[in-house]
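Examining the three-dimensional arrangement
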Amino acid sequence: MTQRSDARWQVCGDTDVGRREHNEDAFFCDDALGLMVVADGVGGHQAGEVASQVTCEVLARDVHRLGDLESAIRRANLEVRDAVAAGRGKAGMATTVVAVQFDGARYELAWVGDSRAYLWDGQLKLLTRDHSYVEALLEKGQITFAEARHHPRKNVIVQAIGLQDEDKLRVGSNGGHLKAGDILVLCSDGLSDVVDCDRLAAILSLDEPLEKRCHELVQAAVQNGGRDNVTVVLVQWVGQDSATETGAAVDPNVVWRYDPASGDYHGLPELVQPGLPVADDAGPRTAAPRRARVAPRSPEVTQMMSADEMAKLRRVALELPAKRRRQRIMGLALVALLALSAAAAWYVFGPIGGA
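Please read these numbers as outputs of a predicted model, since none were measured by experiment.

Along the chain, the regular secondary structure elements total nine helices and 15 strands. Taking all contacts inside the chain whose residues are at least 6 apart in sequence as the whole, residues at least 24 apart take part in 72%. Carbon and sulfur atoms form 51% of the exposed surface of the chain, whose accessible area is close to 17500 Å².

Here it is, written out as structure tokens:
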């Protein structure tokens, strides 16, 4: 457990190995920099813990020198790849990351992969959008939120530090002002995958010290059967009201929000059709071919899906209507041929059994 504070905010972080053999997560909190980072190593025996540690080191070193979080994250992507060539870590290692940097009450968020940031202000608000296969389905309205929670490919990510070419790395961004009493939550998917929003909200709303709530969140994941490493960083603003200190407060973009009073979610995509995502210019959405839901090779390990693999799945979805049209035409042609044959037989031989 790490706890830090200054006159403006309180910060604490905690991590647990879960049921893994070793912890590939890393986190970093620095009051002087106003920087907090959670990185979730990918790769298991491919030294994911090295990738997550390198990422924290690069962000701590370069975020001010480069001027913003996105530039520092892109630098980390290069250095994780370079570390393998230099003999640090192993080929295939990578990490997801979510980071926040404060300037007074104003904060900038950036992320890659499926590590998340939530805002707690009496409601639980998701501020990051996963770079994952399942999020692509959910955003397109192809599956429900409940299906996303239990999807057999929920561990498949499409972006990670260390495995992307520089021009293909997508860095998500968001930002806003933290109001007095609000809590910003950074976490690895070891928390978000196994602890429901009602439980997250219940713990965050406790009248307990921040570090105790942070520890409770981590333990909730462990006790709920989570096998993955779990890491949480909490940041609570305790300075002046953000609007007083820095001018008009800016609200972050919210992916969806959970209201613990009603138990309702707001802002989730409307369900369109079950199946795979389709291209934006593909016209009407169509159902994808039915697939047997086979669990991934190792459901406890994060796996990467390349952009080429995603494109192939989209092509399958787009090609389906044409294939069905061909099958329908062939079926109608066969029916017509049989009808013509029957008519010809009646004309030549007369009705069967006739006088």
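Before going further, it helps to spend a moment on the side chain of Asp40. Structurally, Asp40 can be placed in strand S4 (residues 35-42). Although Asp40 lies buried, it forms no salt bridge, and the closest oppositely charged side chain, Arg20, sits 6.4 Å away as judged by the N-O distance.

The tally for this structure, following the rule as stated, stands at two cavities of 30 Å³ or more. Put simply, the second largest cavity is a space of about 30 Å³. For the lining of the second largest cavity, a count of residues per class yields seven nonpolar, no polar and no charged.

Moving on, we get to the side chain of Gln236. Mapped onto the elements, Gln236 comes out in strand S12 (residues 230-237). Of the polar contacts made by the side chain of Gln236, one reaches the backbone oxygen of Gly181; its length is 3.2 Å.

With 19 residues, helix H1 (residues 48-66) should reach 27 Å at 1.5 Å per residue; the first-to-last C-alpha distance of 25 Å fits that figure. Residue Ala60 marks the point of greatest curvature in H1, where the axis turns by about 35°. Looking only at H1, the buried set comprises Gly48, Val50, Ala51, Ser52, Val54, Thr55, Cys56, Val58, Leu59, Asp62 and Val63. Of the surrounding secondary structure, the elements contacted by the buried residues of H1 are strand S3 (25-30), S4, helix H2 (69-85) and strand S5 (94-103). Gly67 sits one or two residues past H1 and shows a positive phi near 100°.

Turning next to the nonpolar core. Residues Leu191, Val232 and Leu234 are the most contacted members of the largest nonpolar core, which totals 35 residues. No other element matches the six residues that helix H7 (residues 210-223) contributes to this core. For Leu191, the residues in contact, after removing those within four places along its chain, are Leu200, Leu217, Ala221, Val230 and Val232. With 27 residues, the next largest nonpolar core counts Val58, Leu69, Val80 and Val171 among its residues.

Right, let's talk about H2 for a bit. In a regular helix each residue adds 1.5 Å, so 17 residues correspond to 24 Å; H2 covers 25 Å between its end C-alpha atoms and thus fits that length. Those residues of H2 lying buried are Leu69, Ala72, Ile73, Ala76, Asn77, Glu79, Val80 and Ala83. The opening residue of H2 is Asp68, an N-cap whose side-chain oxygen sits 3.1 Å from the backbone nitrogen of Glu70. Positioned one or two residues after H2, Gly87 has a phi angle of 90°, which is positive.

This brings us to the packing of helix H6 (residues 197-204) against H7. In contact at an axis separation of 9 Å, H6 and H7 are set at 155° when each is read in the N-to-C sense. Overall, the two elements H6 and H7 adopt an arrangement that is roughly antiparallel. Remark: the crossing between H6 and H7 carries right-handed chirality. Contact residues: Arg199, Leu200, Ile203 and Leu204 in H6; Arg213, Glu216, Leu217 and Ala220 in H7.

To continue, consider the pairing of strand S13 (residues 256-259). As judged from the three bridges shared by strand S8 (residues 124-126) and S13, these two strands associate in the antiparallel manner. Bridge pairing in S13 links Lys125 to Arg257. Judged from the three bridges that link them, S13 and strand S14 (residues 264-266) form a sheet pairing that is antiparallel. From the neighbouring strand, Asp259 faces S14, where its bridge partner is Asp264. The loop that links S13 with its antiparallel partner S14 comprises four residues; one of these, Gly263, has a positive phi angle of about 75°.

As a general feature of sheets, a regular strand has side chains that alternate between the two faces. Burial within strand S7 (residues 116-120) is extensive, with five of its five residues counted as buried. Because side chains alternate across S7, one face comprises the buried residues Arg116, Tyr118 and Trp120, and the other comprises Ala117 and Leu119, equally buried. With five bridges joining them, S7 and strand S11 (residues 183-187) adopt antiparallel strand pairing. Bridging across to S11, Leu119 finds its partner in Leu184. Turn length for the S7-S8 hairpin, with the two strands adjacent in sequence and antiparallel, is three residues, and the turn residue Gly122 shows positive phi of about 100°.

As a further point, take the pattern of salt bridges. Counting across every chain of the model gives 16 salt bridges. For Glu24, the salt bridge goes to Arg20, with nearest N and O atoms at 3.4 Å. Measuring nitrogen to oxygen at the nearest pair gives 3.1 Å for the salt bridge that ties Glu70 to Arg74. Residue Glu70 and its partner Arg74 are both found in helix H2; the two are separated by four residues, about one turn of the helix. You can call Glu70 partly exposed: its relative accessible area is 30%. Among the residues examined, Arg74 registers a relative accessible area of 24% and is labelled partly exposed. Among the charged side chains, a salt-bridge network with shared partners connects Arg61, Asp62, Arg65, Arg75 and Glu79.

Rules behind the numbers
- Residues numbered from 1 in each chain as written.
- Predicted model: local features only at pLDDT ≥ 70, side-chain atom pairs only at ≥ 80, totals over all residues.
- Heavy atoms only, no water.
- Helix = DSSP H or I, 4+ residues; strand = E, 2+ residues; numbered from the N terminus.
- Contact = heavy atoms within 4.5 Å.
- Areas by Shrake-Rupley, 256 points an atom, 1.4 Å probe, with all protein chains shown as cover.
- Buried < 20%, exposed > 50% of the residue type's maximum accessible area, 1.4 Å probe, protein only.
- Lys, Arg positive; Asp, Glu negative; His and termini not counted.
- Salt bridge = Lys/Arg side-chain N within 4 Å of Asp/Glu carboxyl O.
- 1 Å grid on protein atoms, 1.4 Å probe; cavity = no way out; pocket = protein on both sides within 12 Å on 5 of 7 lines; lining within 4 Å.
- Points joined across faces, edges and corners; volume = space filled by probe spheres on them.
- Nonpolar A, V, L, I, M, F, W, Y, C, P; charged D, E, K, R; others polar.
- Polar contact = N/O pair within 3.5 Å; in protein donor to acceptor, adjacent residues only side chain to side chain.
- Expected span 1.5 Å × (residues − 1).
- Bend = angle between axes of the 7 residues up to and from the residue.
- Core = buried A, V, L, I, M, F, W, Y, C linked by side-chain atoms within 4.5 Å.
- Axes fitted to C-alpha atoms, helices over the stretch in contact; angles between N-to-C directions.
- Parallel < 35°, antiparallel > 145°, perpendicular 65-115°, else oblique.
- Left-handed = near helix turned anticlockwise from the far one by under 90°.
- Pairing = 2+ DSSP bridges.

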